[in-house]
Amino acid sequence: MSVPDKFLKPYNPNSVEDGLYKMWEDSGYFNPDNLPKISGEARVETWCTIMPPPNANGRLHAGHGTDLTLKDIMTRYHRMVGKKTLMLPGSDHAGFETQSVFEKKLQKEGRSRFGMSNNELYSEIYDFVMESKHIMEGDVRKLGTSCDWSRNTFTLDDHVVSGVKDTFKKMYDDGLVYRGKRSIHWNPKFKTSLSDIETKFEDRKDPFYYFQYGPFVIGTSRPETKFGDKYVVMHPDDKRYKDYKHGDTFECEWINGKITATIIKDEAGDPEMGSGVMTITPWHSQVDFDIAQRHNLDYEQIIDWDGKLMDIADEFAGKKIHMAREDIVKKLDDKGLLVKVDKDYEHAVRICERTGVVVEPQIKDQWFIKMEPLAKKVLSALDNGKVKILTSKHENMLRHWMNNTIDWNISRQIVWGIQIPAWFKNKGTKDEEVIISKNKPDGEGWEQDVDTFDTWFSSGQWPLMTLGYPDSKDMEYYPTTVMETGADLVFKWVPRMIMFGTYLTGKVPFKTVYFHGMVLDAKGKKMSKSKGNTLSPIELAEEFGTDATRMSFVVSNAPGADMPLSQDKVRAYKKFANKIWNITRFILTETDDIDINTKPTLTDTDVKLLSELQETADFIADHIERYRLDLAADKAYHYIWHELADNILEASKDILKVDDSEAKLSRQYTLYTILVTTLKMLHPFMPFITEEIWQSLPHKESDMLMVAQWPVVE
RNA sequence: GGGUGUUUAGCUCAGUUGGUUAGAGCGACUCGUUUACACCGAGUAGGCCGGGGGUUCGAAUCCCUCAACACCCACCA
C-alpha cells in the first residue's frame, strides 16, 4: 500500500478535529459501561473524576482550558491502562453569579428585575442559561474532552434539587441547621445576603471624623450609622476611664437632640486606638453586633434594605447614606461636636466580590449551617490521609481555614437557585411554626420560604448528586479518584464537598485533590477582561489546533504553580504536531512493504531502541500517576523530537538504503513499532492528531486509538 | 497584623531521597535548501542556582538569617 496523500501536506487540525470527536462520541466509549475488554479481561478497577461544573453563564476561559486538559489527559491515560474510566460532565446554575450577570444584561437593555415577577425572572434566566450551557458544551467538545455525556448533569435537574433538599432536611433533623438573626453581609443594590467568601476588601481613603460624645471623643468613618448609638465601649483595663463603671449612664447632646448613653466595659475596646472609646451600631457592624450579644444590648436598624436612612434619622430619613454623610457631619459641626477630621484615613471596605457593591452589614433571619462538627470531619480526613492534597501550600491554607471557620449562611434572597424547602405558618408572630419538607405540608396557611440556597450548598454535594446518591449503581465510582480544580476554589468548593461527603456517606468524595495554579499572560500578569490580556482556549484551538493548545496548557504547569501562557507557546506545539505528521510520513513511506506480524531478528541497536522506547512510556505513565503531567508531556515531546526525529530517523536513512539487509528489516520493524507506541503514549496529551494518524495505519490492534492498550513493547 | 509559597541562562520554567562537568523551551548569533519536515537541521554564546552564615568528604538540594516578589487569611470604631 502507499502512504495516504494527506501526509504530503502539513497537518491541518481544523479539517479533522470535529469528525474525530464525533467518531469518539458515537462509539459510546466515553461511557465506561461500553468500554471493550482490555487484554481479554473485563475492566474491574474504577477510575473517576467529576468535572467541576463550569458556570452556565459564559464561554470557556483559560482556567477551564487548564481544567479540562489536565482532567482529560488523566482520563484518557487510565482508559488505556484498562480502568473502568469515567469523566462526568456537568454545569452549575451558579446562583448569585449568574443572576448578577443576567441583571447586568437587563440593565443594558434598559430593563430591571424589579418590574418582574419571580416566575418571569426565573424563567428568563433559565432560557438564558440553557442557551449558554449549550454553547459551552460545544466548547468542552472542541477541547477533545472525553467525558460521558450520557451522565451530563445540571445542578437544577430534578434529581439534584430533590437530593439537595433531602440533605437540608437531614441536617435540620440532626441539629446542624438553624435559623437565626445574625449580622450578615447585605448587598443593597442586588438585595441579597452574601457569605464571607463572596466578599472581599478594597482599600479606600475616606475622611475619619472625631466627635464629642458626652465626656468622650469617639471616632468614625461612618457618621451616618451613628443616629442610634447609645452605648460607649471601652476596655475594662483602660486606666484613663477607671472612674467609669460598667452600666453607668449619662446624658449627652447628639445628632438629633439629647440621648441617654450607657457605659459598656468590653475587651473589644482597643486602648491604643484613638481615645480608646467607641460607640457601637450593632445592626450595621458585625463586631458591634457581637459586643451587643455579649451584653444583651438593644439594637436598632438605621439603614433600610435599599441603603437609605430610616425614620430614626429624622430630617435625613429616605436619603442614601453616602448622600447624607456630609450633611450629618455639618449638623454635628454646627452643634460644636465635631472635634477634628483626618482626611487621609486609609481603611479597607468590604465589597461584593461579584458586583463591587459596598456591603452593608444588616441583621436578618437567615438559615445557617453549624460548621464546627463538619469542619472536624474534614480535618480528620486530612489527618488520616483519606484525602491527599498534592500541594502543601493549599493543604495548609485549607487546614487554617477549617480551624477558624464560622457558621455558614446558606440563604440567598435571589430567585435563581434552589428554593429552600422550609414552610412557615404565622411567620413573624409568636405563633410561628416551621416545617422542613419538600412538599407543602397539609393544612391551611403554609407558605414556603422565598429564599434560595447559596450555590455552594448544592455544588458542595456535586460528587454525590452526579453519581446518583444514595442508591444508584454509579455509586461504585464513589469515592472518586481525583478532584482537579483551580486554587481559587480551595475554600469555596473543596472543603464543602469533603464536608457533605463525609457527613452523608462517611466517606470522602475523592482521594486526591490536585490544585492547578492560575493561567497568567505572557508577562506573568493575571488575565482579566478589563486588561484585555485574556486568551480564549477556543480561539487558540481554532488558530493552532486543539492538540497544540492542550500541550501548552500542560507543559510547565506544575501542580499548584501559576503558569504564563502566550500565543508563541501554542505556536511551538503546533510545529510539534506537524513534526509528528512528517515523522509518520517518513516511517510509513519506509515501511509500507513490511509484514508487521512477522517479527524479524532484531539488531542489538534496535533491541536497545525498543527498550528505551519502553522506558519512555514507563516514565510517562509513572509521572501521570504521580500527577506530574507537566513532566510527562515534556518527556513525550523531547523523546519524539530530539530522540526519534533527530537521532533515530537520521541514523535510519543509511540503514534503509541497503535493500533486503537484515539490518533494514530489523529497522523497519522497529520504526513501525516506535510509531505505534509513540502514538499511544502521546494520545492522552494530543488526542486528535494521534487518532487521525492511527486511523491511517495499515496495521493496528484496535479500531480506535482511544481504547487501545497503553504501551507494552514486546 | 498572621500565614503559606517563590527566587536557577535575556524570558518562561525543570532539576526525584544531598553525589561527576546544573538542563529544556522560547529568544539571540553562526553555518546549512543533504527528497520526512524551512512549521527544518548542525552548531555557538549566555548561569559565583537572590545575599550572608552554618551542617557535610561533598549543597541548587538540608538548617539559620536577611532581602525581594506573589498569594491567602484577619482587621482597621
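See above for the structure.
Residues numbered from 1 in each chain as written. Chains lettered and ligands numbered in written order. Predicted model: local features only at pLDDT ≥ 70, side-chain atom pairs only at ≥ 80, totals over all residues. Heavy atoms only, no water.

Caption draft 1: Fine view of the sheet that holds strand β15 (residues 388-389). Taken together, the 3 strands give an open sheet; going across it, the order is β15-β23-β22, and neighbouring strands pair in parallel fashion. Each of the sheet's edge strands pairs with one partner strand only, and the pair in question is β15 and β22 (480-486). Relative to strand β23 (residues 510-516), β22 runs parallel, the two being bridged by 6 bridges. The partner of T480 across the bridge, within β23, is F510. Packed on one face of the sheet, helix α12 (residues 494-505) meets β22 and β23 and runs near 170° to β23. (Pairing = 2+ DSSP bridges. Helix = DSSP H or I, 4+ residues; strand = E, 2+ residues; numbered from the N terminus. Contact = heavy atoms within 4.5 Å. Axes fitted to C-alpha atoms, helices over the stretch in contact; angles between N-to-C directions.)

Caption draft 2: Up close: the packing of aromatic side chains. The tally for this structure, following the rule as stated, stands at 38 aromatic pairs. Here Y122 and W416 contribute two aromatic rings whose centre-to-centre distance is 5.1 Å and whose plane-to-plane angle is 50°, an arrangement assigned as tilted. Placement of the pair is Y122 in helix α4 (residues 118-142) and W416 in the loop between β17 (411-412) and β18 (422-425), with a sequence separation of 294 residues. Residue classification places Y122 among the partly exposed positions, given a relative accessible area of 28%. Arranged with centres 6.0 Å apart and planes meeting at 15°, the rings of Y209 and F211 form a pair that is stacked. In terms of burial, Y209 and F211 fall into one category: buried. An aromatic cluster is present here, built from Y209, F211, Y213, F216, Y241, Y244, F250 and W254 joined pairwise through their rings. Above the plane of the ring of F424 lies K427, whose end atom (NZ or CZ) is 4.6 Å from the centre. (Phe/Tyr/Trp six-rings, centres within 6.5 Å; stacked < 30°, edge-to-face > 60°. Buried < 20%, exposed > 50% of the residue type's maximum accessible area, 1.4 Å probe, protein only. Lys NZ or Arg CZ within 6 Å of the ring centre and 35° of its normal.)

Caption draft 3: Seen up close, the pattern of salt bridges. Under the defined criterion, the tally for this structure stands at 54 salt bridges. When the shortest N-O distance is used, the salt bridge between D449 and R179 registers 3.6 Å. A residue pair is termed long-range when its members are at least 10 positions apart, and D449 in the loop between β20 (447-448) and β21 (452-453) and R179 in strand β5 (residues 177-187) qualify at 270 residues. Measuring nitrogen to oxygen at the nearest pair gives 2.8 Å for the salt bridge that ties E224 to R325. Pair noted here: E224 is in the loop between β8 (216-220) and β9 (231-234) and R325 is in helix α7 (residues 321-334), with a separation of 101 residues, a long-range link. Salt bridges here are not isolated pairs; linked through shared partners, they connect D33, D148, R151 and D474. (Salt bridge = Lys/Arg side-chain N within 4 Å of Asp/Glu carboxyl O.)

Caption draft 4: Structural context of the protein's contact with RNA strand B. For RNA strand B, the set of nearby residues contains 40 residues, the closest of which are G219, T220, M278, A348 and W641. Within 4 Å of the protein, the contacting atoms of RNA strand B are drawn from sugar and phosphate to the extent of 62%. Side-chain polar atom of W641 to a phosphate oxygen of RNA strand B: 2.4 Å apart, as the coordinates give it. K653 is positioned with one of its side-chain polar atoms (N or O) 3.2 Å from a phosphate oxygen of RNA strand B. Secondary-structure elements contributing two or more residues to the surface near RNA strand B are β7 (199-213), β8, β13 (338-352), α9 (392-403), α15 (567-591) and α17 (629-655). With 9 residues, α17 is the single largest residue contributor to the surface near RNA strand B. Across the surface near RNA strand B, the residue classes break down as 18 nonpolar, 11 polar and 11 charged. (Near = heavy atom within 4 Å. Polar contact = N/O pair within 3.5 Å; in protein donor to acceptor, adjacent residues only side chain to side chain. Nonpolar A, V, L, I, M, F, W, Y, C, P; charged D, E, K, R; others polar.)

Caption draft 5: Representation of unusual backbone geometry within the structure. Residue P470 is bonded to the preceding Y469 through a cis peptide linkage, with omega at 10°. If you trace the backbone, P470 turns up in the loop between α11 (462-466) and β22. The amide bond that connects Y478 to the next residue, P479, takes the cis arrangement and shows omega of -5°. By the secondary structure assignment, P479 is in the loop between α11 and β22. In this structure, S39 takes a positive phi of about 45° despite not being glycine. Take S39: it is sitting in the loop between α1 (13-27) and β1 (46-50). On the basis of relative accessible area, S39 is assigned to the exposed category, the value being 53%. Not every positive phi belongs to a glycine, and N426 is a case in point at roughly 55°.

Caption draft 6: Structural detail: helix α19 (residues 687-696). With 9 of its 10 residues buried, α19 lies for the most part within the structure. Of the positions making up α19, those classed as buried are P687, F688, I689, T690, E691, E692, I693, W694 and S696. Packed against the buried residues of α19 are α1, α2 (62-81), α4, α14 (546-554), α15 and α18 (662-682).

Caption draft 7: Highlighting the sheet that holds β7. Strand order in this open sheet of 3 strands is β8-β7-β13, and the pairing throughout is antiparallel. Among the strands making up the open sheet, the edge pair consists of β8 and β13. Between one strand axis and the next, the sheet turns by 25° as a mean value, whatever way the strands run. As paired elements, β7 and β13 share 12 bridges and run antiparallel to each other. Each residue of the ladder has a partner; that of D203, found in β13, is A348. Strands β7 and β13 of the sheet are contacted by α7, whose axis makes an angle of about 20° with β7.

Caption draft 8: Up close: the nonpolar core. Among the nonpolar cores identified, the biggest contains 98 residues, and M551, V554, F576, F685, M686 and L697 are the most heavily contacted of them. For this core, the element with the most residues is α17, which contributes 12 residues. Not counting residues within four places of it along the chain, the set of residues in contact with M686 comprises D547, A548, M551, Y573, F576, A577 and I580. The next biggest cluster of nonpolar side chains, apart from the first, holds 69 residues, and it includes V161, F424, M497 and I498. (Core = buried A, V, L, I, M, F, W, Y, C linked by side-chain atoms within 4.5 Å.)

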